[in-house]
Amino acid sequence: MDTSSPELKILVADDSPVYRKLVEQSLSQEHCAVLLAKNGRQAIDLFAEHQPGVVITDWTMPDISGIELCQRIRREFAQSYAYVILLTGNTDKEKVIEGLASGADDYVTKPFHPGELQARVKVGRRMVEMHRQVQDKNRQLEEMALTDPLTGLPNRRAIDVWAIRQLSAAARHDFSIWVAMADLDHFKIINDTYGHDAGDTVLKGFAEVLRSSTRQSNICGRVGGEEFLVVITHAEKEDVTIAIERIRKHFETRKFTVAGKTFGNTASFGIAGFCRMASPNFSDLVTRADAALYSAKQKGRNRIEFAMS
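Predicted model, so just to flag it, every value in this text is computed and none were measured. (Residues numbered from 1 in each chain as written. Predicted model: local features only at pLDDT ≥ 70, side-chain atom pairs only at ≥ 80, totals over all residues. Heavy atoms only, no water.)

Undergrad: Would you take a moment to explain the sheet that holds strand S3 (residues 54-58) for this structure?
TA: Strand pairing in a sheet is mediated by backbone hydrogen bonds. Such pairs are either parallel or antiparallel. One open sheet accounts for five strands, arranged S2-S1-S3-S4-S5; its pairing is parallel. With partners counted over all chains shown, the strands left at the sheet margins are strand S2 (32-37) and strand S5 (106-109), one partner each. Taken pair by pair, the neighbouring strands of this sheet meet at an average axis angle of 20°, ignoring direction. Bridging between strand S1 (residues 8-13) and S2 involves six bridges; their strand directions are parallel. Within S2, the residue paired with Val 12 across the bridge is Leu 36. (Pairing = 2+ DSSP bridges. Helix = DSSP H or I, 4+ residues; strand = E, 2+ residues; numbered from the N terminus. Axes fitted to C-alpha atoms, helices over the stretch in contact; angles between N-to-C directions.)

So this is what it looks like as structure tokens:
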């Protein structure tokens, strides 16, 4: 028995209790959990509940045929890959081709040899594991595409996707959204004085402050260089002021030590808000927040400025 991989769920659908038992016994030495269905409808219900990796189904059943079951699995559960094996007493090659064309991956003719069925299931297990590895890799690639590699925060693309969806909801349900653009003050001096490793340390430190100060219902991220964004929903101006001021003060008091040298840094913030607009646009909000940030820089840095209404 292979215990090196997770337990495989196998759904067996057959209206014959004898064949259900034969299949179950044939799989007794496999590292798997066997789910038994006495007809096609029960098989669909079990598949929806358990999302098995392998389906072994009789071709001919009174309510839903094995081919129909396969087609429904492919159509209704497209996000959940399953390796489908048809059991059939029909050796007509045209029929076999029909079954494989319906979306089945393999077939076994009745009466079957237990060893053959075990071998086919092992192939199915390998295919399921390969498919899951591909899915995991795709998820990792997607996360990488939406994540800033230095800080681990969402990047501009991720923020855009999230914020555009939130703005659409805000227009429908009449709640406010605020965009705060942050920029680290005199960041070039830190890089020139202490080196780029020190600059990276400061960027990661500011990211930690943002992450710890941002509610799960909101989002923060790095948009490039020393610029960051915070998007806050369902808040009044006073609440936003308190939240961003807390971030500003927290970062102001933070100290960094690199190569035996200790130093600090500050950040400036520009904030723009949306409330009760007919057609909100995230790019416009960012542009207004950026203009407010420029004003904060002009007025001495390490401060918050709101965009003109």
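Undergrad: Is there a simple way to think about the side chain of Arg 222 in this case?
TA: Mapped onto the elements, Arg 222 comes out in strand S7 (residues 219-224). For Arg 222, a relative accessible area of 15% corresponds to the buried category. One polar contact links Arg 222 to Asp 148, side chain to side chain, over a distance of 3.2 Å. (Buried < 20%, exposed > 50% of the residue type's maximum accessible area, 1.4 Å probe, protein only. Polar contact = N/O pair within 3.5 Å; in protein donor to acceptor, adjacent residues only side chain to side chain.)

Undergrad: Is there a simple way to explain the environment of Ala 292 in this structure?
TA: Among the secondary structure elements, Ala 292 is positioned in helix H10 (residues 282-298). Along the primary structure Ala 292 and Ile 271 are separated by 21 residues, whereas in three dimensions their C-alpha atoms are 6.2 Å apart. Sequence-distant contacts of Ala 292, defined by excluding residues within four places in its chain, comprise Phe 269, Gly 270, Ile 271, Glu 305, Phe 306 and Ala 307. (Contact = heavy atoms within 4.5 Å.)

Undergrad: Looking at this structure, I do not really get the pairing of strand S6 (residues 177-184). What am I missing?
TA: The side chains of a regular strand alternate between the sheet's two faces. Extensive coverage of S6 is indicated by the burial of eight of its eight residues. Taking every second residue as pointing to the same face, both faces of S6 are buried, with Ile 177, Val 179, Met 181 and Asp 183 on one and Trp 178, Ala 180, Ala 182 and Leu 184 on the other. Relative to strand S8 (residues 227-233), S6 is paired through seven bridges, and the arrangement is antiparallel. Residue pairing in the sheet places Val 179 in a bridge with Val 231 of S8.

Undergrad: Please explain the packing of aromatic side chains as it appears in this structure.
TA: In this description, an aromatic ring pair is defined by two values, namely the gap between the centres and the angle between the planes. Scanning the entire structure with this criterion turns up nine aromatic pairs. Members of the aromatic cluster, each reached through a chain of ring pairs, are Tyr 194, Phe 206, Phe 228, Phe 251, Phe 256, Phe 263 and Phe 269. Between Lys 110 and the ring centre of Tyr 19, over which it is positioned, the NZ or CZ distance is 4.1 Å. For the cation-ring pair, Lys 237 lies above Phe 306, with the distance from its terminal atom to the ring centre recorded as 4.6 Å. (Phe/Tyr/Trp six-rings, centres within 6.5 Å; stacked < 30°, edge-to-face > 60°. Lys NZ or Arg CZ within 6 Å of the ring centre and 35° of its normal.)

Undergrad: Please clarify how the environment of Glu 238 should be interpreted in this entry.
TA: Here Glu 238 shows up in helix H9 (residues 237-253). Residues Glu 238 and Leu 69, spaced 169 residues apart in sequence, show a C-alpha to C-alpha distance of 58 Å.

Undergrad: How should I be thinking about the environment of Ala 145 in this particular structure?
TA: Tracing the sequence through the fold places Ala 145 in helix H5 (residues 114-145). Ala 145 sits twelve residues away from Arg 157 along the chain, and the two C-alpha atoms are 8.2 Å apart. Not counting the four nearest positions on each side in its chain, Ala 145 is found in contact with Asn 155 and Arg 157.

Undergrad: Sorry, what's going on with the confidence of the model for the protein here?
TA: Caution applies to low-pLDDT parts of the model: their predicted coordinates are not meant to be read in detail. For the protein, the average pLDDT comes to 90, and 96% of its residues sit at 70 or higher. Ranking the elements of the protein by mean pLDDT puts helix H4 (residues 93-101) last, at 80, and strand S12 (residues 304-306) first, at 97. (pLDDT = per-residue confidence, 0-100.)

Undergrad: For this particular structure, what's the right way to read unusual backbone geometry?
TA: Trans is the prevailing form of peptide bonds, just as negative phi is the prevailing case for residues other than glycine. The residue after Lys 110, namely Pro 111, is reached through a cis peptide bond having omega -10°. Along the chain, Pro 111 falls in the loop between S5 and H5. Phi is positive for Gln 51, close to 50°, though the residue is something other than glycine. Overall, the relative accessible area of 31% leaves Gln 51 in the partly exposed class. In this structure, His 186 is a non-glycine residue whose phi angle is positive, near 50°. By secondary structure assignment, the location of His 186 is in the loop between S6 and helix H7 (187-194).

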